[in-house]
Structure formats: C-alpha cells, structure tokens
Amino acid sequence: MELTRRHFLRLSMAAGITAAGVAGGDLLGLLAASGVRIDRDARYIPSYCEMCFWKCGLVAKVADGRVVTLYGNPLHPNSRGRLCARGNAGVGLLYDEDRLKYPLISCGGRGEGRYKRASWDEALGYVAEKMDRIKTRYGPESLAFFAHGSVTAHFVPLILGFGTPNFAFPSFAQCRGPRIAAFELTFGEDPGTPERVDLAGSRVIALFGSHLGENMHNSQVQDFVEGLSKGARLIVADPRFSTAAGKAKWWLPVKPGTDTALMLAWMNVLINEDLYDRAYVERYASGFDSLRSHVGQYTPEWAASETEVPARLIVRTARELGRNRPNVCVHPGRHSSWHGNDVQRERCLAILNAILGTWGRRGGLYLKTRSSLPVPPQKEEFPEPQKPPLSGKYLSAGAEGVTNAIRDATRTGKPYPVKGWLVAGTNLLKAMPNERETAEAIRGLDLLVAIDVMPFDTAMMADVILPECTYLERHDEVYVQRDRMLTASIRQPAVPPMYQSRPGWWIARQLSVRMGLGSYYPWGTLEEKIRSECAFWKVDYGELRSKGVVSFSGTDNPYITAENQPVFGTPSGKIELYSRELEKKGFDPIPVYSRVKQPAEGWFRLIYGRSPVHTFTKTTNNERLWELFRENEAWINKGAADRLGIEGGQYIRLENQDGQRSDRVRAKVTERIRPDCIYMVHGFGSRDKSLSRAYKKGADDQGLITRYAVDPVCGSTGMRCNFVKPVLET
Amino acid sequence: MPGYAMVIDQRRCVGCMACIVACKTQNGVPPECFRTRVVEEVDGVFPDLRMELRPELCNHCDSPTCVQNCPTGASYKRDDGIVLVNRMRCVGCKACIAACPYGARYIDPDHGYADKCTFCFERLEEGEEPACVSTCTGRARIFGDLEDPESEVSRLLRGYASYVLLAGAGTKPRVHYIRKFGKPE
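Cut-offs applied
Residues numbered from 1 in each chain as written. Chains lettered and ligands numbered in written order. Predicted model: local features only at pLDDT ≥ 70, side-chain atom pairs only at ≥ 80, totals over all residues. Helix = DSSP H or I, 4+ residues; strand = E, 2+ residues; numbered from the N terminus. Rg over C-alpha atoms; globule rule 2.2 N^0.38 Å. Buried ≥ 20, exposed ≤ 12 C-beta atoms within 10 Å, placed from the backbone. Pairing = 2+ DSSP bridges. Contact = placed C-beta atoms within 7 Å. Nonpolar A, V, L, I, M, F, W, Y, C, P; charged D, E, K, R; others polar. Axes fitted to C-alpha atoms, helices over the stretch in contact; angles between N-to-C directions. Parallel < 35°, antiparallel > 145°, perpendicular 65-115°, else oblique. Left-handed = near helix turned anticlockwise from the far one by under 90°. Domains from an automatic or database assignment. Expected span 1.5 Å × (residues − 1).

Participant: What's the story with the overall build of chain B in this structure? I'm lost.
Facilitator: Helix and strand counts for chain B stand at 6 helices and 9 strands. Compactness check: chain B gives a C-alpha radius of gyration of 17 Å against a globular reference of 16 Å for 185 residues, within 12% of the reference. Scored against the burial criterion, the 185 residues of chain B give a buried share of 43%.

Participant: Would you mind going over the overall build of chain A with me for this structure?
Facilitator: Secondary structure assignment for chain A yields 24 helices and 27 strands. For a compact globule of 730 residues, the expected C-alpha radius of gyration is about 27 Å, and chain A comes in at 25 Å, within 12% of that figure. With respect to the principal axes defined by its C-alpha atoms, chain A has extents near 70 × 70 × 55 Å. By the burial criterion, 60% of the 730 residues in chain A qualify as buried.

Participant: Explanation requested: the pairing of strand E15 (residues 464-467) of chain A in the structure shown.
Facilitator: The two faces of the sheet receive side chains in turn, since in a regular strand these alternate between them. Residues and elements named next belong to chain A. By the alternation rule, side chains of E15 split into Val464 and Leu466 and Ile465 and Pro467, which are all buried. Both strand E4 (residues 104-106) and E15 contribute to a ladder of 2 bridges, which runs antiparallel. Within E15, the residue paired with Ile105 across the bridge is Val464.

Participant: So what exactly am I meant to see when it comes to the interface of chain A and chain B here?
Facilitator: How big an interface is tends to be expressed through the accessible area that disappears when the partners come together. On the chain B side, the residues contacting the 39 residues of chain A number 36 residues. Broken down by secondary-structure element, the contributors of at least two residues to the side of chain A that touches chain B are strand E3 (66-72), helix H3 (85-88), helix H8 (218-229), strand E10 (250-252) and helix H22 (623-626) of chain A. For the side of chain A that touches chain B, the per-class residue count stands at 18 nonpolar, 12 polar and 9 charged.

Participant: Any chance you could explain the sheet that holds strand E1 (residues 43-48) of chain A here in plain terms?
Facilitator: Hydrogen bonds between backbone groups are what pair the strands of a sheet, and the pairing can be parallel or antiparallel. Residue and element names in this part refer to chain A. If you trace the 3 strands from one edge of the open sheet to the other, you get E1-E2-E3, paired in antiparallel fashion. Since the sheet does not close on itself, it has two edges, and those belong to E1 and E3, each with one partner. The average angle at which neighbouring strand axes cross in this sheet is 30°, direction not considered. Relative to E3, strand E2 (residues 57-63) runs antiparallel, the two being bridged by 6 bridges. Note that in E3 the partner of Ala60 across the bridge is Leu70.

Participant: Can you walk me through helix H1 (residues 18-27) of chain B in this structure?
Facilitator: An α-helical turn contains 3.6 residues, so a residue and the one three or four places further along point in the same direction. With 9 of 10 residues buried, H1(B) is to be regarded as a mostly interior element. Every buried residue of H1(B) is listed here: B:Ala18, B:Cys19, B:Ile20, B:Val21, B:Ala22, B:Cys23, B:Lys24, B:Thr25 and B:Gln26.

Participant: What exactly am I supposed to notice about the packing of helix H9 (residues 259-272) of chain A against helix H13 (residues 311-323) of chain A here?
Facilitator: Relative orientation and spacing of two packed helices are given, respectively, by the angle between their axes and the distance between those axes. Residues and elements named next belong to chain A. Running from N to C, H9 and H13 cross one another at 60°; their axes reach a closest spacing of 9 Å. Regarding the angle of H9 to H13, the classification is oblique. As H9 runs across H13, the sense of the crossing is right-handed. Between H9, through Leu262, Ala265, Trp266, Val269 and Leu270, and H13, the contact on the second element is made entirely by Ile314, Val315, Ala318, Arg319, Leu321 and Gly322. Taken together, the residues that form the contact of H9 with H13 break down as 9 nonpolar, 1 polar and 1 charged.

Participant: What should I look at first to understand the domain arrangement of chain A in this one?
Facilitator: All names here are of chain A. Once the domains are mapped, chain A shows domain 1 (195-366) and domain 2 (604-728). Counting residues at the interface gives 18 residues for domain 1 and 24 residues for domain 2. Grouping the amino acids of the side of domain 1 that touches domain 2 by side-chain chemistry returns 7 nonpolar, 7 polar and 4 charged.

Participant: How should helix H6 (residues 151-162) of chain A be read in this particular structure?
Facilitator: Residues and elements named next belong to chain A. Between its terminal C-alpha atoms H6 stretches 17 Å, which fits the 16 Å expected from 12 residues at 1.5 Å a residue. Every buried residue of H6 is listed here: Val151, Thr152, His154, Phe155, Pro157, Leu158, Ile159, Leu160, Gly161 and Phe162. Next to the buried residues of H6 lie helix H5 (120-138), strand E6 (143-147), strand E7 (167-168), strand E13 (420-424), strand E14 (447-452) and helix H18 (504-514).

Participant: In this structure, what is going on with the packing of helix H12 (residues 300-307) of chain A against H13(A)? I would like to understand it.
Facilitator: Residue and element names in this part refer to chain A. Remark: H12 packs on H13, axes separated minimally by 8 Å, with the N-to-C direction vectors making an angle of 120°. Crossing geometry of H12 relative to H13 is assigned as right-handed. For the pair formed by H12 and H13, the contact residues are Pro300, Glu301, Ala303 and Ala304 on the first element and Ala311, Ile314 and Val315 on the second.

Participant: Help me understand the environment of A:Tyr593 in this model?
Facilitator: Residue and element names in this part refer to chain A. Looking at the secondary structure, you find Tyr593 in the loop between helix H21 (580-584) and strand E20 (604-609). Classification of Tyr593 by C-beta neighbours within 10 Å gives buried; the count is 21. Distance in space between the C-alpha atoms of Tyr593 and Asn341 is 9.3 Å, their sequence separation being 252 residues. In contact with Tyr593, other than residues within four places in its own chain, are Thr260, Ala261, Leu264 and Tyr298.

Structure (structure tokens):
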C-alpha cells in the first residue's frame, strides 16, 4: 500500500498544464486526406473505442440512424487514423442480436438461467434494497465491486459512498500486477498503459512472451513495425514461435518458467563485458555493486542448462543489447502473472532496462509528460471505511485491488464476511483462475449483480442483470492520457441506446439515488459532468466534441537532456537495483532465480495468449470477428502429436492434473511450439446458449487452470502452473 | 491515365486482420465471403523456423484469366488496371472462379453474381485509398499509381526486390510483394 499512496500523492501534486494549445486541424479534412470518403448525408461522430482497453480514437459514420462504418481518428495518438480488426468490427457488437436488452431478475437458482423481464424501476429498487440490507446486517465492507473498462469509474463514487474499501479489477492480480509492482519498486513508476516503449526508435527490441501483433495494441504495434522497418533487430524469448518471433533475428525458445535465468545471465554478460551504461548507472541508480556481485553466479552456461537456450545465443543477444545501448528496449510486458514468482522476474526486466540506460532514452522507454489535468475538487467527502481492504496484506497491491483476496474472503468469511458482489464489464469466471472457487464464492452471496452488454458466463449467474449499452451509445468519462503528451479524449454516443439498455453512469447514479447516495452524483447527466470538468480545465468542450481529442502541445519531453532530468519516485530518489523495500518485508532485494515445477513425462504445461481479432471472451460472439476466428485451438508440437497419434484439425480434449477435462478443441499440430507445452488462445468455451455464435465454441483455458500460484509481493495469481494431457475422442 | 497497383511489404504485416474487417464493412461483403485474407506459412522444424505472412487479394492482372474466360463479358479490365465485374451481365457461371489461379473470387450468396476486390474504385474516384490500405496498422499495404515514377509504389518497386504471386501463370499481377523472412540464427 505504501507505494500506491506515494504514487497517488505524486499524481495529485503533478504540475498543471505547462503550455496549453491545441494540435491538429479540421477532423473531416484529415479523415478525407487519410482516405475516408466523406458523405454529405452522413454524420461523423468522434469517440474512442472499447473493443479492447487501448482506447483508440475513432470516428463513427452514422447514416439513416445507424452506425455504418468506424474509422480511426487521425488526430488520436493511440490509433493515428487506423483501427485494428476489433475496432473495425465495433458495429458487430452494437448490432449483435444476442445483446442483453432488458433488466432481468432471476426466478430460479443461480446459474439456472431462468429470468423474468423487469422494469428498470423494479430492478434498481431490488438491487438497492438488497445492498442496504447487506450494509445493515454485515456492514458496508461486505459489498465488493469488480470491474473492467470504462464502466469502472462510474461506480467508484457509489462504492466509496456506500462505505466499502473492497473493489478490485482483474487487470491487476490476473494481469499487469507483477509488472506494476516491479517497476514501481525499481523506477518508482509503472511504464503505463499504453506502455511508454519507444519502439519506433529502437535499435534492438527484446520481448519476453509479449506477442505483439497477436497482442494487437494499435499504436504500439505501429511503432513496433516502424522500428523493425528501420532495421531494429528483434529478440523474442517465447516457448512458442509467435508472429513476432517470425520477425525476429533471434528466437529463444525458452523453457517456460526460466525467463529469469536468461535475464540474470544477460546481466552477467553485460556487467562482465562492461557493456552496461556505466555513466547512467552511476548517476541515476543505487545498489549496482550488490547487483554486480550477485549476478556473478549466473553464467550463460548455467542459464543454458536451465532455459534450454544455447549459451552462445544468450551471450550473442546480450552483446547485441549492450552494444546498442541505450537505444534498446527490453519490453516490460503486460500480462505478467505467470508462475507466482513474477514480481522478481519483472524486476529483472526493470533492472535490465536500468543498466542498459533505456529509461528516458530514444528507442528505450520515453518519459511521461509532467503535465496533467487535475481532478476537480469533490464537494462531498466519502466516509472513511471502518475495516481495512481485503488486499491490505500485500506490499504493493496497487490501486486496482486484489480480486482473489476478495474471493477468498467471500468463500471463507474471513477476516469478515462478503455477501454482495457488483460485477461490471468483467467476466470473472473466465478472468480468474479456478472457476470452482469463483462459483463457490458466488454460491455464498446474498446478492450478485451484473452490469454488462453481453450474456457471458458470469453475467448469467447473477440475481439481477442490468443491461449496459455499448460504447457507441453512451458517454463515458473523459480519457485523460498522460503518455508522451497530455491528451484528453471524449467518448460520446453515435446513436441512442438500443432496447432498454442504459449507460453505466446512469445505472450507477440511479442506484445511488435509491440508496440516498445521490449527492455523489451531483450532475443530471454525465455530459453535464464532462462540461463542468472541461470548464475547470479550460478545455473547449465544443472542440473536444468535434475533434474527439484535445492534445496539449508542448507537454511532451520524452528524453533525458541536461535540462530534462528524470525524477524517480522511489524512497531513495534513484533507480533501485537493490530494493530496500523488498528487503524490509523479507523478500529478495535483488532477484534470485528459483525453479518452478516442470511437467512430468507425458504432460504438457498449459500456456495461453491472444488472437489479434479477439479481446478475451468479449468479442467471441461478434459476427465480424467470429467469422475470422470461431474457436480456439490447442497448439501441440508436431513430434509430440505424432507420438500421441494426434492429427492436425482433430478434436481432442485436454485433461489437467486435477482430472478437470475441457470441452472439445481442435488440435493445431505445429512446429511452432516447444514439445513441453500446449498453447491456447484465452476466452473461449462460453456456456450460455443465448450466445448464438460463441456458445460452446472452443475450449475454456481457465477451466483447466485449477491451480494458481500467488505472488507473495503483490498477490497476483500465476496461471501458467497447470499441466495437461490430450485425451483423444473415441 | 493512372495504372493502379498495390505493393505489400510483408516485413510490416503482423497478421492483425484489420484489412479483412475494414474491407467487409466498406464493401458490404456477405457473411463468410472474403475479398482479402492473410495467409500464414511456416517452414522448418522446431526450433529452426521461418514464417511468412502474406495478405492476398485480387491481383488485378494485366493478363486476367477471369476476363479471358468470362462467357458474357461481365468481367472486364479498365484502362487504369482495375479488373471489375459488371453485375448486370454476370450469370454466375463460375468460369472466372475456375480460371482465377488466386482464389480471389466468390459468388455472392444473395444475388448470384461473381464478386471480388475492386481496389475500392469508388473511393479512388474521391481521391482516397482502398479501405484495407487506410486501416492497415502496420502500413504493410501501399497503394498508388505505377505510371507516376514518384509515387510510393514506384519508389518501393525500384528500391526493393519484389515478386508477384504465381509469376509462371503469366497473369501479370498488379499486386507486388516485398518479402524478407525473419531468419533465426
């Protein structure tokens, strides 16, 4: 918690806008110049995308009351006039006939799928009454809130006003948590989202498991390709020959769970061969001597035996990074909850960037803008929670909370009971490991409310389903992005909400009003709130509406110069190669290699990742994306498949070490993966019949992830510790 | 008169498939029909692998077998290089589909005529690029006029070794490819 509080303090103290001014010109003119045919009878509404979490600026073309096409907003830094497949397919979500259309109240047992249609008044009244009853009987902390995406912010005033400290987003403990913790410990700051990687200017790029391209993060992929086209050499450490590996000069098919050994050996070579950035380290870092003596033991030969990557390749790639320092980038990664020792692995990534001198250097990690748009003062104070949050025991649990800590408390009633869950925009059953534990927690609840767009598995367990409209039908909070430059983007409706669906903000406010918490929502509409914020920031609302994004020119200062010195928010004010904060709590102050369990003969480690056309489960029922990728496959090495008699395209099932068996999944027999693991794209195997396309398509990787390893530093759940074997259909 | 062509720089393609969705939305391509695709080919044995990503579409050939084999004159070639289908003349006989060595065509399931990539000619008339080019996140697709020596396509073809698909078929495609394998050491 200490780190987080400091982080927030820094945010609130951040300087105001240094030089306000607006970049760019006329949006329609730019659209036309970038190849969009401007139709005089149509309306063009700028907004930002929510097909994933990258928040790309878009322009919706509306004709005859329907959204017909989506374009990338050429003014927006995250899309630069281009949208990915999902962004292009946003219309497929808007007009998905399987959407949640009306408020529903359960009239059967949980998960039976029996609902009756309710009015909004009835449904909201029901939820408010149940929430109040939980507060009276158990206390406000017995209500927990889980969310993902833009809807999150709308409910925070309700949750804080209600008086519970328990809210958590899977984006921390099931995803970026270890990276956030490691970079905050080392640099005092997370590399952010979008990650501040300067790939377009890199001379060498190293990826550990990051499958850019399949991981379709728009502007980052654009920079990645730009860097490669200018001659950047790419190193990819991945047990799978990813699309990115297909572009690499060096593919290191590292044995899963041994990445830390490879990185420690890189440090060994960089330091022994004097290929690190000595001046940078002397000036900005602390603990180098300890690091030097610590990594002496981690020779390339030793790492080769751990990783199964030849020692000469480890040396060769380390030298490539060292010789091109500091214009190199060891990508901090994103999803990093792998094996339960993940903060230490991510610390290695951070330390490598530090000794290569990449933070604040061209081609490395650029510096975040120092400007910000301050949060307008709140009139109403939130009550102080009476009990500590359930994630309190972790050193750096972060502002995003620890979902699994709340789940554990819900299951056990300890340290105090949790009796109500509000779940907005996240499919917890698929996002969290061990679906049985999630289901068990849900069974013990007095109230489960889902706020969502589509009838995915978790929503269909709820007692009350409140249908949110899609991102193309609503306002959301202004997206203030403190990236290279300060920008503010608007989400605004292209068309009114369809059916009886309503914006998340409206739902949150209506609930609050019914519980006597309406004073936390002093605006009649979210647009009113946005207008008042713009007035406070001195941002021209009309301009924001018509351009979709306002960029504050002159707020960028991405590289270290004599005048532009970096500020590290660590206790020492330096980059901490040796972490006293970790030491104080009894953790290794410098990463120590520890082995993870490897699969026994005949078993495969289950690993998982992304398809460029899908965002987890979210997009699997979208007609335009479904037809490109209908079901996931189980990637299995050709030699291993031959021994087992598995042919490509054949349906198999996977069974894990606990006897859990998957749905049918096609085998992808390929040379592109190590013989000791099986890979699947995450998010498939949905269980609800009302999903006309996604129902029972492919297999659910999370169903096989019954075991998970909790990282002791940040509480994240390592999910790559399950072993499976194929079962052939008879 | 321009001579339209596309250059596909395979080094920049990441297989994100934005082109496919943008094309379908722009042109109202029916479900399960495609005017473009991304082919993924892998060579070698673990761990010595190489991979190629290859976006494919109608090649707008200068010697178009579809046009040559069309019995009704529905398939035709314009002076600017674009091969199109006149829907009114098409009887859905599939001769063009059989003749095209690139698998670039399909029969529209609702109307019965043959259809395919048009290089978004309506957009070109407005001075704009094809939809797949506009949205290509990797800027792997480059479109332009080969008659203009200063166009990006002309410069790319002068500057890099390029090839066309099935050159031996004698179709003289107007879609050119620049390829470089990622070569693991």
